[in-house]
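Chains, contacts and geometry: an overview
Letter by letter, the chains look like this.
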Amino acid sequence: MDTLQLVLVFVSIVASPICQADEMDQDYTWHIKKIPHIVSSNIVNLKNPSYEAELQLELNGTCGIECQRNLPSPSLADLEEYLSYETIFDNGTRTMTRVNVQDWHPETETGNNKPKHSRRKRQIYGTDSRFSISDKHFMTNYPFSTAVKLSSGCSGILISPKHALTAAHCIHDGKDYIKTAKKLRVGLLKIRSKSGGKRRRGSKRAREDASEDSPKKDGRKQRRKSVQKRSAAEEQTNKLSGKERGSGAGKPSFQWTRVKAIQIPKGWFRDVSHNMSLDYDYAVLELKRPHKKKYMELGISPEAEKMPGSMMHFSGFDEDRPGQLVYRFCSVSEESKDLFYQYCDADPGSSGSGIYIRLKEANKKKWRRKIIAIYSGHQWVDVNNQQLDYNVAVRITPLKYAQICYWIHGNHENCKQG
């Protein structure tokens, strides 16, 4: 897709809801809501995980929308259990943090249980409505630049200078961490420089050693040879893997960053929330070093009817389009208090993408994008003893907003209003 086509598509999908909102005088506004407080009460050290789970991009046997309608509303004690969270660090150690929820009022939780449309088959059908963002100027600029790729094979979105949001099942299967989570990395899109990327470690030292006319010791000669040999090997590896990273100047590639810590709500663990585990399919990754990209802010998920055209948007790295950032949008088909059900064309690999919408700021004419859900992916659910499929997204409710914000800032002082 060339730049002109992409501009036309982007303008049509973004400007159209705005025009409709003005014409119909709809209240498409980010409403400020009081956020509950999440306060740490106790931290317990746990044994190191075994990292034996396999990544499952399609989950089976989860509770569908009819099933969720029949579940009793969780008590405050239940919610504190579900919102307690596990933190695993890059050295393999992990902790469980118990939390207290303060200033929580059930009426602040959004969502309704009224069905909206009949189901359709989830697979990509008819004309594929996805757009591959191939133009480097769009791909590496906001909002597309907020999308990140996980080394586990999923996607995510930047939510602070040091944090990314993704789906919990991309890291943990509900019982154990997946194998690739042990050395998890996050890839940020960048454009390769004319020199072929950043300078490799040891290259400067190698040039300095090579400039020495007479090394003082044999050990230094050996080190110089070792550095030169390593630099040559790295150069060869760079050439061999150039296709994957995007070879040639001006081409997009990934800047990979190690993950310092991962936080997952206890509600995701199958032995804790049982049928409700899908409601907590989200996780936050703390990066080892901060980035300088513009990130996307969190927002409280409104009901679908309060979203322009009931439309949601997200970008991810679909498995069937390797090396491409894929953007799509679609309307919400059904919703529960914690989940959106929709039929956006998607493929494994886009799981963990941040779903965002654009609403007006309160008392202003300015429109602003915020993340309102996390794309969980293609889910098989039990409905009347049958397995049916949906594309499911986990909504950011006031309680989840409070928890994720607490993970980012480490306190609730910066998380009082959403």
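Above this text sits the structure in question.
Anyway, here's the lowdown on the structure attached to this text. Keep in mind that what you see is a predicted model, and the values were worked out from it rather than measured.

**What to know about helix H3 (residues 76–83)**
- Of all the residues in H3, the buried ones are Leu 79, Glu 80, Tyr 82 and Leu 83. End-on, the buried residues of H3 take up no more than an arc of 165°, which puts them together on one face.

**Here's the deal with the pairing of strand E7 (residues 155–160)**
- Taking burial as the measure, the 6 residues of E7 include 6 buried ones, the bulk of the element.
- Pairing analysis gives 3 bridges linking strand E6 (residues 147–150) to E7, with the strands arranged antiparallel. Its bridge partner lying in E7, Val 148 is registered against Gly 156.
- When E7 meets strand E8 (residues 163–166), the two strands line up antiparallel, connected through 3 bridges. Across the sheet, the residue bridging to Ser 160 is His 163, located in E8.
- Hairpin connection, E7 to E8: the antiparallel pair is bridged by 2 residues.

**With respect to the nonpolar core**
- One finds Ile 159, Leu 165, Ile 171, Ile 264, Leu 298 and Ile 404 to be the most contacted residues of the largest nonpolar core, which totals 81 residues.
- With 8 residues, the top contributor of residues to this core is helix H9 (residues 398–409).
- Among the nonpolar cores identified, the runner-up in size contains 19 residues, and Trp 30, Val 332, Ile 372 and Ala 373 belong to it.

**Side note on the packing of aromatic side chains**
- As enumerated under the stated definition, the model contains 12 aromatic pairs in all.
- Plain terms: the ring middles of Tyr 51 and Tyr 177 are 6.1 Å apart, the flat faces sit at 50° to each other, and that makes the pair tilted. Placement of the pair is Tyr 51 in the loop between strand E1 (37–46) and strand E2 (59–63) and Tyr 177 in the loop between E8 and strand E9 (185–191), with a sequence separation of 126 residues.
- Residues Tyr 282 and Trp 407 carry aromatic rings whose centres are separated by 6.2 Å and whose planes lie at 40° to one another, so their mutual orientation is tilted. Of this pair, Tyr 282 sits in the loop between helix H8 (270–273) and strand E11 (283–287) while Trp 407 is found in helix H9, placing the two residues 125 residues apart along the sequence.
- Of note, Lys 294 hangs over the ring of Tyr 142, and the distance from its end group to the ring centre comes to 4.1 Å.
- Its end group placed over the ring of Trp 30, Lys 370 keeps NZ or CZ at 5.1 Å from the ring centre.

**Describing the state of the cysteines**
- This structure, assessed with the given rule, holds 3 disulfides.
- Covalently, Cys 330 is tied to Cys 344 through a disulfide, its sulfur atoms 2.0 Å apart. The S-S bond linking Cys 330 to Cys 344 shows a torsion near -100°; that makes this disulfide left-handed. One end of the pair, Cys 330, is in strand E13 (residues 325–335); the other, Cys 344, is in the loop between strand E14 (339–342) and strand E15 (354–360), with 14 residues separating them in the sequence.

**Thoughts on the environment of Leu 339**
- Along the polypeptide, Leu 339 turns up in strand E14.
- On the accessibility criterion, Leu 339 (0% relative accessible area) is buried.
- A C-alpha to C-alpha distance of 9.7 Å links Leu 339 and Gly 64, two positions 275 residues apart in sequence.
- Once residues within four sequence positions are removed from consideration, Leu 339 is found in contact with Gln 68, Leu 278, Asp 279, Glu 334, Val 392, Ala 393, Val 394 and Arg 395.

**Some points on the side chain of Asp 338**
- Mapped onto the elements of the fold, Asp 338 is located in the loop between E13 and E14.
- Judged by relative accessible area, Asp 338 falls into the buried class, the value being 8%.
- Within polar-contact distance, the side chain of Asp 338 engages the side chain of Lys 400 at 2.8 Å.
- Those residues within four positions of Asp 338 in sequence are excluded, and the remaining contacts are Asp 279, Ala 393, Val 394, Arg 395, Thr 397 and Lys 400.

**Thoughts on H9**
- In this model, H9 (12 residues) spans 16 Å end to end at C-alpha, consistent with the 16 Å of a helix rising 1.5 Å per residue.
- Burial of H9 is extensive: 11 of the 12 residues sit out of reach of the surface.

**Considering the layout of surface pockets**
- By volume, the second largest pocket amounts to about 390 Å³.
- Forming the walls of the second largest pocket are 19 residues, and the residues nearest its centre are Glu 297, Leu 298, Arg 368, Lys 370 and Tyr 401.
- Secondary structure elements with two or more residues in the lining of the second largest pocket: E7, strand E16 (367–383) and H9.
- When residues in the lining of the second largest pocket are grouped by element, the largest group, 4 residues, is from H9.
- Class assignment of the residues belonging to the lining of the second largest pocket gives a composition of 10 nonpolar, 5 polar and 4 charged.

The rules behind each value
- Residues numbered from 1 in each chain as written.
- Predicted model: local features only at pLDDT ≥ 70, side-chain atom pairs only at ≥ 80, totals over all residues.
- Heavy atoms only, no water.
- Buried < 20%, exposed > 50% of the residue type's maximum accessible area, 1.4 Å probe, protein only.
- Helix = DSSP H or I, 4+ residues; strand = E, 2+ residues; numbered from the N terminus.
- Arc of directions from axis to C-beta.
- Pairing = 2+ DSSP bridges.
- Core = buried A, V, L, I, M, F, W, Y, C linked by side-chain atoms within 4.5 Å.
- Phe/Tyr/Trp six-rings, centres within 6.5 Å; stacked < 30°, edge-to-face > 60°.
- Lys NZ or Arg CZ within 6 Å of the ring centre and 35° of its normal.
- Disulfide = S-S within 2.5 Å.
- Contact = heavy atoms within 4.5 Å.
- Polar contact = N/O pair within 3.5 Å; in protein donor to acceptor, adjacent residues only side chain to side chain.
- Expected span 1.5 Å × (residues − 1).
- 1 Å grid on protein atoms, 1.4 Å probe; cavity = no way out; pocket = protein on both sides within 12 Å on 5 of 7 lines; lining within 4 Å.
- Points joined across faces, edges and corners; volume = space filled by probe spheres on them.
- Nonpolar A, V, L, I, M, F, W, Y, C, P; charged D, E, K, R; others polar.

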